[in-house]
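So you can see what is in the structure, the chains are spelled out below.
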Amino acid sequence: MTVHLEVAEGVGTVRLDRPPMNALDIATQDRLRELAEELTHRADVRAVVLWGGEKVFAAGADIKEMRDMDHPAMIARSRSLQDAFTAVARIPKPVVAAVTGYALGGGCELALCADFRIAADNAKLGQPEILLGLIPGAGGTQRLPRLIGPSKAKDLIFTGRQVKADEALAIGLVDRVVPAAEVYEQAHAWAARLAAGPAIALRAAKESVDTGLETDIDTGLAIERNWFAGLFATEDREIGMRSFVEDGPGKAKFV
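Computed from a predicted model, the values in this text were never measured in an experiment.

Calculation criteria
Residues numbered from 1 in each chain as written. Predicted model: local features only at pLDDT ≥ 70, side-chain atom pairs only at ≥ 80, totals over all residues. Heavy atoms only, no water. Helix = DSSP H or I, 4+ residues; strand = E, 2+ residues; numbered from the N terminus. Polar contact = N/O pair within 3.5 Å; in protein donor to acceptor, adjacent residues only side chain to side chain. Contact = heavy atoms within 4.5 Å. Disulfide = S-S within 2.5 Å. Buried < 20%, exposed > 50% of the residue type's maximum accessible area, 1.4 Å probe, protein only. Expected span 1.5 Å × (residues − 1).

Draft legend 1. Main features of the side chain of Q127. Of note, Q127 is situated in the loop between strand 7 (124-126) and helix 5 (140-148). In this structure the side chain of Q127 is engaged in a polar contact, spanning 3.5 Å, whose partner is the backbone oxygen of G105. A polar side-chain atom of Q127 sits 3.1 Å from a polar atom in the side chain of E129. If sequence neighbours within four positions are ignored, Q127 has contacts with G105, C108, E109, L112, P136, G140, L144, L156, I157, G160 and R161.

Draft legend 2. Representation of the state of the cysteines. Scanning all chains against the criterion turns up zero disulfides. Free cysteine C108: the closest other cysteine sulfur is in C113, separated by 10 Å. For C113, a relative accessible area of 3% translates into the label buried.

Draft legend 3. Broad picture of helix 8 (residues 183-195). With 13 residues, helix 8 should cover 18 Å at 1.5 Å per step; its first-to-last C-alpha distance of 18 Å lies within 8% of that length. Restricting attention to buried positions, one finds in helix 8 the residues V183, A187, H188, W190, A191, A192 and A195. Here the buried face of helix 8 lies against strand 1 (3-8), strand 2 (11-16), strand 3 (47-51), strand 4 (95-99), strand 6 (116-120) and strand 9 (176-178).

Here you go:
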């Protein structure tokens, strides 16, 4: 297997394992989709970490594999490529990417599928597809501008340049930069903290934000309103409000 899943403390770690650079070949893409679907339904997993190991997150697609594909072959494959990444983006639980080393091309696009990105101080991110006469094909032209804005996204996509961790933080491509040795530890801690939270409310929050960004404000408000009212039917809402009244904020133990 080129991708492994380990579960601890309610956190599922999706570990890319295809040395030396975690190139995202077809088998790896398909495995990511399978694990995303599994994580969506597993009750014992309440948050997710995407990790490529201590040296590299993912240096992109397998160019040698793609080089042998012609136009009809890529027409047949491109939807499956996007579907794999979309499955990760739609995991209805908090997802954090622990980015070490290179996150380029498909690697950057995989990090974009997370809700939060913690990067090593030696990380480099980018969308270098233009240097191959291509454009990003796993969601980069859509998720990147939604995250950092169209102008900054076009800079990275048009030039294919790589950005170091400090610039990635400045433009909003990553959310935190830490020493390389601490990336996974901090990512797991972030995920574990949310794994102890109210699972249905977290799902509602993620879906409201993500779906709302794709629609007009009135539709987005309707999505929020429906989720907000629906959460009043949950046990976690009862626990949270009772704890707030009796013990003060931030002390609820959710089920």
